[in-house]
Amino acid sequence: MQSGNLPESVPSPKETLGYHVIRWCKQYVRTPDGERAGSPWEFTPEQLKFVLWFYAINPDGTWKYSAGTLRRAKGWGKTPLLAALAIVEFIGPVRFNGWDAFGLPKAKAVPLPIVQIGATALDQTEQTLDMVRGMLSESPAEAHYGLEISKSIVQFKSGKPGSIKPRSTAGRTNEGNRPTFVVMDEQHHWVTTNGGPDFYQVLKRNVEKTTKAGSRWVGTTNAYNPNEDSVAQIIHESEMVTKGFWLYDCLEASISLEDIRVEEKVRQALIEAYGDADWADIDGLTRTILYDRTTPDSTYCRFYFNQIAESSDGWMSKDEWDLVLSEDDPVKPGDQIAIGFDGSIRNDATGLVGCRLRDGKLFVLNVWERPENTKPDWEVDTLAVEAAVYKAFKEYKVEWFYGDPPYFQEAIGRWAIQFATRDTEYVFEFWTNKPTRMVQATERFRSGVMTKEICHDGDERLTRHVLNAVTREVMVGGEAGILIQKDSPRSKRRIDLAVAGILALEARSDAIADGRMKRRSGRVVGF
């Protein structure tokens, strides 16, 4: 299945410099390895199409796309393609040079070519650099252009300015460079923990200094893990892609997790994902996916089917959650309950979850989620939230209420006063950003599900939020603990009802410990 924004057709010779690039590479670059080692370099049809569109131009000679990304399965041939583009950007015809007598675009080399191969560590650039050296060593280009090819740099023997060399995450030392072309390989590995997103911003800013002269960047990636907030995800979710300013070429398999044990469907999905990469070992990959259980299915989905998939660190599986579904004995008005509240104003959802004291049954009191395609200034209706809280206290015997204070601290304080009686308090703050307490609460919730000490009524909204949650390991008191979070900061997959459910269960536990299973009488709620 072709996704991204790569057009289905190919541009005409009047619409791209890609034909110059293809002819030049065949003349000057050599295949570095395999059965065709030493023969003229040739792009596969799918690579050709990407090259033609990446070098597409507007009627005024400017680039149609100011950057490009190629997302393909592992072993498809992304690194050799990047190496070829690095070489042609160094010494080949890659800049618009007017029109010839037939109305076709002419191309010229970059006057001062600074090609950088970026990675989060220098050893990660070696694969691309090795491919560059293999393509250039003993090639016509080496002699014709007088190249000096070393392990860490390709430059001109004459001392003429210009080079292909690596760049890694060295903080601000990369600021100020003026590259004419930047290669970013394996962007799914560019994550916060290794400085990838910051490094990407530095490289991008450096390129943007000379965009009028034609400077650009190109990246490749496997399907990313949406838990990691990688550069691959940042680019994929960017409006520069959705609006067509950056080229994004992606070919992914059409297969579901339910079919990942069906041999014929796995084989067909691999054939689909690898396209015309006829060197891919489809039989070997099929065997691995079917019988090697040491690798999570989500990894197979990302690397071999090129599908964006969560890693196996999802907080709760559907099977686990379904086992504690209880549609009998519904929660009724007048039941003793505890409440968990997780609030937001704009970006996340706001939710109220109840938990019945006598059996730990969870149910949704209300939730406010940002509608799709709504106005940018949409906000949660705080008056509706207030009304829902008052309604809950009116309909049920609320014995304990835990609310996460951010955005609603004033309201929670007011509820604490309004719902208190002479000798009893019912509303309390519970700061979810305090790891020690939240880790313990999260572990108790999951243990309650695993031991079937709690249940839920099957509400689709609560189920969706619980299954959306992924785990994050934190250190608390020198020991590792687990919290839950969204699969990425910008994700639309909400988890707020899951958080509210954790707080509701904590509220239930504290209410029981306080002896509130005995029904209280004479409490009056004021409005």
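The structure we're discussing is the one just above.
Residues numbered from 1 in each chain as written. Predicted model: local features only at pLDDT ≥ 70, side-chain atom pairs only at ≥ 80, totals over all residues. Heavy atoms only, no water.

## Regarding the overall build of the protein
Cut-off, in case you're wondering: Elements are defined by DSSP. Helices are runs of H or I of four residues or more, strands are runs of E of two residues or more, and each kind is numbered from the N terminus. Burial here depends on accessible area, computed with a 1.4 Å probe over protein chains only, as a share of the maximum for the residue type. Under 20% is buried, over 50% is exposed, and the range in between is partly exposed. By definition in these notes, contact holds between two residues if any of their heavy atoms fall within 4.5 Å. For the accessible areas, the method is Shrake-Rupley and the probe is 1.4 Å, while residue cover comes only from the protein chains on display. This count recognises Lys and Arg as positive and Asp and Glu as negative, with His and chain-terminal groups excluded. By convention, the point assigned to a charge is CZ for Arg, NZ for Lys, CD for Glu and CG for Asp.
Helix and strand counts for the protein come out as 17 helices and 19 strands. With the C-alpha coordinates aligned to their principal axes, the bounding extent of the protein is approximately 95 × 50 × 45 Å. Going through the 527 residues of the protein one by one, you find that 51% of them count as buried. For the protein, long-range pairs separated by at least 24 residues make up 71% of all intrachain contacts whose partners lie at least 6 apart in sequence. As displayed, the protein has an accessible area near 24,300 Å², and 51% of this comes from carbon and sulfur atoms. Charged side chains of the protein number 66 positive and 74 negative; the gap between the two group centres comes to 5 Å.

## Observations regarding the sheet that holds strand S1 (residues 2–4)
Spelled out, the test is: Should DSSP find at least two bridges between two strands, the strands are regarded as paired. Helix axes are fitted to C-alpha atoms over the stretch in contact, other axes to C-alpha atoms as well, and angles between N-to-C directions run from 0 to 180 degrees.
Pairing is mixed in the open sheet, where nine strands are placed in the order S1-S11-S2-S10-S9-S5-S8-S7-S6. Every interior strand has two partners, whereas the edge strands, S1 and strand S6 (147–149), have only one. In this sheet, neighbouring strand axes are inclined to one another by 20° on average, regardless of whether the strands run parallel or antiparallel. When strand S2 (residues 67–71) meets strand S10 (residues 216–221), the two strands line up parallel, connected through five bridges. Directly across from Arg 71, in S10, lies its bridge partner Thr 221. In the packing of helix H2 (residues 45–54) onto the sheet, contacts are made with S2, strand S9 (181–184), S10 and strand S11 (246–251), and the angle to S11 comes to roughly 165°.

## Details of the pattern of salt bridges
The line we're drawing: Salt bridge, as used here: a side-chain nitrogen of Lys or Arg that lies within 4 Å of a carboxyl oxygen of Asp or Glu.
In the structure shown here, the tally under the stated rule is 30 salt bridges. When the shortest N-O distance is used, the salt bridge between Lys 26 and Glu 42 registers 3.8 Å. One end of the pair, Lys 26, is in helix H1 (residues 18–28); the other, Glu 42, is in the loop between H1 and H2, with 16 residues separating them in the sequence. For Glu 42, a relative accessible area of 43% puts it in the partly exposed group.

## So, helix H6 (residues 196–208)
Formally: Expected helix span is taken as 1.5 Å per residue step, with the number of steps being one fewer than the number of residues.
For H6, which comprises 13 residues, the first-to-last C-alpha distance of 18 Å matches the rise-based estimate of 18 Å (1.5 Å per residue) to within 8%. For H6, the set of buried residues is Gly 196, Pro 197, Phe 199, Tyr 200, Val 202, Leu 203, Lys 204, Asn 206 and Val 207. Buried-residue contacts for H6 involve strand S5 (114–119), strand S8 (163–168), S9, S10, helix H7 (231–236) and S11.

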